[in-house]
Amino acid sequence: MTTPSSCGVPRGGPPLTEDDAEDLLRCICFKTGPPRTVGAELEWLVHDLRDPRLPVPPGRLAAAIDTVRAVPLTAALTFEPGGQLELSSLPAASLMECLDSLAADLRAVREALAPLCLGLGGYGVDPWHAPRARVLREPRYDAMEQVFNRTGPSGRAMMCETASVQVCLDAGVDGPGPLDFRRRWRLAHLLGAVLVAVFANSPVHGGRRTGWRSTRQSLWTDLDPARALAPPADGDPRAEWASHVLDAPVLCVRPKDDGPWTVPEGLTFRDWLRTGRPRRADAEDLRYHLTTLFPPVRPRGHLELRMIDAQPGRDGWMIPVAVATALFDDPVAAEAAERAVRPLAALAGPDPAPRNPLWRAAARDGLAHPALRAAALDVFGSALDALPRVGASAEVTAAVAAFHERYVARGACPADESLEVAS
């Protein structure tokens, strides 16, 4: 979740019409061309190095934030409402450029945190501390908490207690073949469930077993009736996404000056455009509205895959980035992945991700689900074959192979090891 500036943002330009908004969405959300760039966003829980079960007091966390902000990094550095640290890479020209750049930044961050006796934890949710207090007091997060409180505690937990690996890949080409952006969009919503199951790593939350392999994904599923849903994946992506965005509820209306933020209830962006109330909306308002929608696959010109739990180990995050890149950007692997996940469409049914039976099964059962295990075995084989073709190093390929043997081949995921430790 990228954090825009929280201050009053001056806006200019004419008010938008519905037609203007639809045209803008079609232009900015799916930018087509041959896949050339890779990116990743890594979220981490900050914990005590001596004993991760000890809570990190807000003052100590604030000092850590100040320390890390002084470190020169290539990636963009932000912090989530509960103090989770996020590194967002620049678009990289290759898989290895992305991995190497983020790895260097992570080394620098860990070196800065070590004298404070703090470290980074690769868990999809905080396994020890829940509820976790919000440490960032900004108008955006005040508005978000107010909206999420209307539907229960999952939204607050998502904001403060979760962490993920997000993979960013080009939207694809506008033309035939496995790299067509329409096919990549459909693939993402079936393969995404497999990625949830394979990399599930959050079975314990606040010291208790939840019954989900990916508690993080279960929180995203429950946090809001519409904000975290995907549009239909079987239509024209540009048209479906434009309609979805305009019919989604507005999280907040930012002031034109330093006045208070408005948090409307039941106001869709389309309603806002039609009524002109509480004020006329412009293009900047639409772009901001896009940042308040959290579907499992978010089109931002590129495709942002948002469904993967943070991974264990110092370099475990590299494996989902490498696997996703191979399966989407290598044409042979993309064709094979489509074939492997096609049977999952029947399990998904007509409901949107992540609230359909396929995605719920992935979050609850991981690879204990037979259909997800069969698909995972096929796609991991295709990814391993494709990694050298997308430029993966021998070390990265070996790490993916080791993950396959440790988990996928056994029908397991990282969550299963956490459950064994908790038993």
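(A) The overall build of the protein, seen in detail. Helix and strand counts for the protein stand at 17 helices and nine strands. In summary, the protein has a C-alpha radius of gyration of 21 Å against a globular reference of 22 Å for 423 residues, a match within 12%. In terms of overall dimensions, the protein has C-alpha extents of about 55 × 55 × 40 Å along its principal axes. Of all 423 residues assigned to the protein, the portion counted as buried reaches 60%. Nonlocal contacts in the protein, meaning residues at least 24 apart in sequence, comprise 76% of its contacts between residues at least 6 apart. Roughly 16,200 Å² of accessible area belongs to the protein as shown, and the carbon and sulfur atoms make up 54% of that amount. Each charge class in the protein was averaged separately, 47 positive and 53 negative side chains, and the resulting centres sit 2 Å apart.

(B) Fine view of the nonpolar core. By size, the foremost hydrophobic cluster in this structure holds 128 residues, and its most contacted members are Val194, Leu305 and Trp317. Counting residues per element, this core draws most heavily on helix H6 (residues 181-198), which supplies 12 residues. Excluding its chain neighbours within four sequence positions, the residues that come into contact with Trp317 are Leu42, Trp44, Leu99, Leu102, Ala103, Leu106, Val165 and Gln311.

(C) How the structure looks around the pairing of strand E4 (residues 118-121). Burial along E4 is two-sided: the residues Leu118 and Leu120 and Gly119 and Gly121 are all buried. Direction of pairing for strand E1 (residues 38-48) relative to E4: antiparallel, over a ladder of four bridges. Note that in E4 the partner of Asp48 across the bridge is Leu118.

(D) Focus on the packing of aromatic side chains. By the definition in use, this model includes 10 aromatic pairs. Relative to Phe403, the ring of Phe199 lies with its centre 5.1 Å away and its plane at 35 degrees, an arrangement referred to as tilted. Taken together, the residues Phe199 in the loop between H6 and strand E6 (204-205) and Phe403 in helix H16 (residues 394-406) connect sequence positions 204 residues apart. Taken individually, Phe199 and Phe403 each receive the classification buried, so the pair is uniform in this respect. Between Arg254 and the ring centre of Tyr288, over which it is positioned, the NZ or CZ distance is 3.9 Å.

(E) Looking closely at unusual backbone geometry. For the peptide bond that leads from Ala130 to Pro131, omega is 0 degrees, which places it in the cis range. In this fold, Pro131 is placed in the loop between E4 and helix H4 (139-148). Following Arg277, the chain continues into Pro278 via a peptide bond in cis, with omega recorded as 10 degrees. Take Pro278: it is sitting in the loop between helix H9 (269-275) and helix H10 (283-290). Residues other than glycine seldom take positive phi values, yet Cys117 does so here, at roughly 60 degrees.

(F) Spotlight on the pairing of strand E5 (residues 164-170). By the criterion of burial, E5 is predominantly enclosed, with seven of the seven residues buried. Here E5 shows a buried face lined by Ser164, Gln166, Cys168 and Asp170 and a second buried face lined by Val165, Val167 and Leu169. As defined by bridge partners, E1 adjoins E5 across five bridges and the pair is classed as antiparallel. Its bridge partner lying in E5, Val38 is registered against Leu169. Two elements, E5 and strand E9 (residues 302-309), share six bridges in a ladder whose sense is antiparallel. Directly across from Ser164, in E9, lies its bridge partner Asp309.

(G) Just the pattern of salt bridges, in detail. Taken as a whole and assessed by the stated rule, the structure comprises 26 salt bridges. Ionic pairing is found between Glu18 and Arg274, a salt bridge with its closest N-O pair at 2.6 Å. With a gap of 256 residues between them, Glu18 in helix H1 (residues 18-28) and Arg274 in helix H9 connect regions that are remote in the sequence. Among the residues examined, Glu18 registers a relative accessible area of 21% and is labelled partly exposed. The partner of Asp330 in a salt bridge is Arg389, and the shortest N-O contact between them spans 2.8 Å. Taken as a pair, Asp330 in the loop between helix H11 (318-329) and helix H12 (331-341) and Arg389 in the loop between helix H15 (370-386) and H16 lie far apart in primary sequence, 59 residues in all. The network of salt bridges with shared partners includes Glu18, Glu22, Asp247, Arg270 and Arg274.

(H) Seen up close, helix H5 (residues 154-161). The element H5 is largely enclosed, with a buried count of seven among its eight residues. Taken as a whole, H5 has its buried residues at Ser154, Gly155, Ala157, Met158, Met159, Cys160 and Glu161. Lining the buried residues of H5 we find E1, H4, E6 and helix H7 (215-222).

(I) Spotlight on the environment of Gly175. For Gly175, the position within the fold is in the loop between E5 and H6. Taking the C-alpha atoms as reference points, Gly175 and Gly33, 142 residues apart in sequence, are found 9.5 Å from one another. If near-sequence neighbours (up to four positions away) are discounted, Gly175 is found in contact with Asp180 and Arg182.

(J) Structural detail: the packing of H6 against H15. One can describe the packing of H6 onto H15 by two numbers: an axis separation of 10 Å at closest approach and a directional angle of 95 degrees. The orientation of H6 relative to H15 falls into the category roughly perpendicular. Contacts between H6 and H15 involve Leu191, Ala193, Val194, Ala197 and Val198 from the former and Leu372, Ala375, Ala376, Val379 and Phe380 from the latter. The class makeup of the residues in the contact of H6 with H15 is 10 nonpolar, no polar and no charged.

(K) Region of the structure containing H12. Among all positions in H12, only Ala333, Ala334, Ala336, Ala337, Glu338, Ala340 and Val341 are buried. Elements in contact with the buried residues of H12: H6, H11, helix H13 (344-348) and H15.

Thresholds applied
- Residues numbered from 1 in each chain as written.
- Predicted model: local features only at pLDDT ≥ 70, side-chain atom pairs only at ≥ 80, totals over all residues.
- Heavy atoms only, no water.
- Helix = DSSP H or I, 4+ residues; strand = E, 2+ residues; numbered from the N terminus.
- Rg over C-alpha atoms; globule rule 2.2 N^0.38 Å.
- Buried < 20%, exposed > 50% of the residue type's maximum accessible area, 1.4 Å probe, protein only.
- Contact = heavy atoms within 4.5 Å.
- Areas by Shrake-Rupley, 256 points an atom, 1.4 Å probe, with all protein chains shown as cover.
- Lys, Arg positive; Asp, Glu negative; His and termini not counted.
- Charge placed at Lys NZ, Arg CZ, Asp CG, Glu CD.
- Core = buried A, V, L, I, M, F, W, Y, C linked by side-chain atoms within 4.5 Å.
- Pairing = 2+ DSSP bridges.
- Phe/Tyr/Trp six-rings, centres within 6.5 Å; stacked < 30°, edge-to-face > 60°.
- Lys NZ or Arg CZ within 6 Å of the ring centre and 35° of its normal.
- Salt bridge = Lys/Arg side-chain N within 4 Å of Asp/Glu carboxyl O.
- Axes fitted to C-alpha atoms, helices over the stretch in contact; angles between N-to-C directions.
- Parallel < 35°, antiparallel > 145°, perpendicular 65-115°, else oblique.
- Nonpolar A, V, L, I, M, F, W, Y, C, P; charged D, E, K, R; others polar.

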